[in-house]
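# A closer look at the structure
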Amino acid sequence: VVFISYTYLLYPLLIVTLGRLRSRSVDFDDDPEMLPSITMIIIAFNEETRIEAKLANCRELDYPAELLEICVVSDGATDGTADILRARDDIVFIEDPENHGKPHQLNRAIERAESEILVFSDTRQIYDPAALSMLVGNFMDDSVGCVSGELVFRTPADPTGSHIGLYWTYEKILREAESRIDSTLGVTGAIYAIRRELATPLPADTILDDIEIPLDAFRGGYRVIFEPGARAFDTPSTELDTEFRRKTRTLAGNYQLFARNPWLLVPWKNRIFVQAVSHKFFRLLVPWAMIAVLLTSSSIEGTAFAMIFWAQVAAYGIGVAALKSERLRGNR
């Protein structure tokens, strides 16, 4: 119980407090005369219904057109995505007739790019006009190697955007605090940027590029920071199955992160050891701690422990029932 409480309550309180006490500022500068060249990389698979809106958004961004290159890779699309992209003369189009997966296509785009800064984006999200300027302004600080933007969810009822869900608000607070101290380990996959010279090829089986690519910058001694002023807008998923798959993929990616980078768990090799372990690694152990709490509370005598045990059984039972019942699943 103490371990679970530390992971989800005490660590956030600690990191937010430290972030306020020992904040490291960033030399931000968005002077138009100093803006670097950018290549925005988009990997598209069967996106014919969204790709034109995305490209229109890219061209409406408040950034000099002569400094902004749009590179789109079609990852074996079987709909009309490639036809739409082939007809454009204002983008760099890389077509692959076969589906090799996002890591492979990112490597192709990175290898071809010659701009100073690479920005990684998804097709679904629409950027705020100032998003690119807010991202790259942080690179005027020589200690910054990678910058994450913020994902803002909006609905037809709230088109201006809102931070829907306690979890995402909680994550944003953690990343902001970690960024103020030194670096945050992960970034927002829909909107982040890295110095071109720091981006190295991804292994073909990489699950989360938005952890592996920022890690290149961190490993090189640079900071990975969170910039809330660089915003990408999205519509929250209402499908539990979609959200479940997304979360499963994220957790699998975290397992892969530590399996490939055991040095993250060595204090003298990782300058953000406490953040990496507390924010990422301990979350992988929390389910096992919850099982331990269930088993131990069932084996200790006393009315209080019996009540605690049955309260857990009831909570997990409701969760299992909701997975099986559409009616329960739709009940908040």
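Residues numbered from 1 in each chain as written. Predicted model: local features only at pLDDT ≥ 70, side-chain atom pairs only at ≥ 80, totals over all residues. Heavy atoms only, no water.

## Notes on the environment of Tyr-6
Quick reminder of the rule: Note on conventions: DSSP H or I runs of at least 4 residues are helices, E runs of at least 2 residues are strands, and numbering of each starts at the N terminus. Throughout, a contact is declared for two residues whenever any of their heavy atoms are within 4.5 Å.
Structurally, Tyr-6 is set in helix α1 (residues 2-21). Sequence separation between Tyr-6 and Gly-221 is 215 residues; the distance between their C-alpha atoms is 28 Å. For Tyr-6, the contacting residues outside a window of four places in its chain are Tyr-11, Pro-12, Val-274, Ser-278 and Phe-282.

## Observations concerning the pattern of salt bridges
Using the following cut-off: Just to be clear on terms, a salt bridge is a Lys or Arg side-chain nitrogen sitting within 4 Å of an Asp or Glu carboxyl oxygen. When accessible area is computed with a 1.4 Å probe and restricted to protein chains, residues below 20% of their type maximum are described as buried, those above 50% as exposed, and intermediate ones as partly exposed.
Scanning the entire structure with this criterion turns up 19 salt bridges. Of the charged contacts, one joins Asp-96 and Arg-108 as a salt bridge, the two residues approaching to 3.3 Å between their closest N and O atoms. Within this pair, whereas Asp-96 is found in strand β3 (residues 92-96), its partner Arg-108 is found in helix α4 (residues 102-112), the two being separated by 12 residues in sequence. Judged by relative accessible area, Arg-108 falls into the partly exposed class, the value being 30%. Beyond isolated ion pairs, a larger network of salt bridges with shared partners links Arg-24, Asp-182 and Arg-271.

## Regarding the packing of helix α9 (residues 273-299) against helix α10 (residues 303-324)
The packing of two helices is summarised by the inter-axis angle and the distance between the axes. For clarity, the threshold we go by: Here, axes are lines fitted to C-alpha atoms. For helices the fit covers the stretch in contact, and angles between N-to-C directions go from 0 to 180 degrees. An angle counts as roughly parallel when it lies under 35 degrees, as roughly antiparallel when it exceeds 145, as roughly perpendicular when it falls between 65 and 115, and as oblique in every other case. Less than a right angle of anticlockwise turn of the near helix away from the far helix marks a crossing as left-handed, whereas a clockwise turn marks it as right-handed. Polar here means any residue other than Ala, Val, Leu, Ile, Met, Phe, Trp, Tyr, Cys and Pro, which are nonpolar, and Asp, Glu, Lys and Arg, which are charged; Gly is therefore polar.
Look at α9 against α10: their axes get within 8 Å of each other, and the N-to-C directions meet at 135 degrees. As judged from the angle between their axes, α9 and α10 are oblique. The chirality of how α9 crosses α10 is left-handed. The residues of α10 that touch α9, namely those facing Met-290, Val-293, Leu-294, Ser-297 and Ser-298, are Phe-305, Ile-308, Phe-309, Gln-312, Val-313 and Tyr-316. Looking at the contact of α9 with α10, its residues break down into eight nonpolar, three polar and no charged.

## Description of the environment of Asp-182
Put simply, the rule is: Identification of polar contacts relies on pairs of N or O atoms within 3.5 Å, with a donor-acceptor requirement for protein atoms, meaning one able to donate a hydrogen and the other able to accept it, and with residues adjacent in sequence counted only if both atoms are side-chain atoms.
Inspection of the secondary structure assignment puts Asp-182 in the loop between α6 (166-181) and β8 (191-195). By relative accessible area, Asp-182 is classed as buried at 9%. For the pair Asp-182 and Gln-275, spaced 93 residues apart in sequence, the C-alpha to C-alpha distance is 9.8 Å. Contacts of Asp-182, omitting those with residues within four sequence positions, involve Arg-24, Arg-223, Val-224, Ile-225, Arg-271 and Ile-272. Looking at Asp-182, its side chain comes within polar contact range of the side chain of Arg-271, at 2.9 Å.

## Thoughts on the confidence of the model for the protein
Our working rule: What pLDDT conveys is the predictor's confidence in a given residue, as a value from 0 to 100.
Per-residue pLDDT for the protein has a mean of 90; in total, 96% of the residues score no lower than 70. For residues 159-163, every residue scores under 50 in pLDDT, and the model assigns this stretch 12 contacts once sequence neighbours within four places are set aside.

## Quick notes on the pairing of β8
Cut-off, in case you're wondering: Pairing between two strands requires that DSSP report at least two bridges joining them.
Burial of β8 is extensive: five of the five residues sit out of reach of the surface. Alternating residues of β8 divide into Ile-191, Ala-193 and Arg-195 and Tyr-192 and Ile-194, and every residue in both groups is buried. As judged from the five bridges shared by strand β4 (residues 117-121) and β8, these two strands associate in the antiparallel manner. In the strand pairing of β8, Ser-121 is matched with Ile-191.

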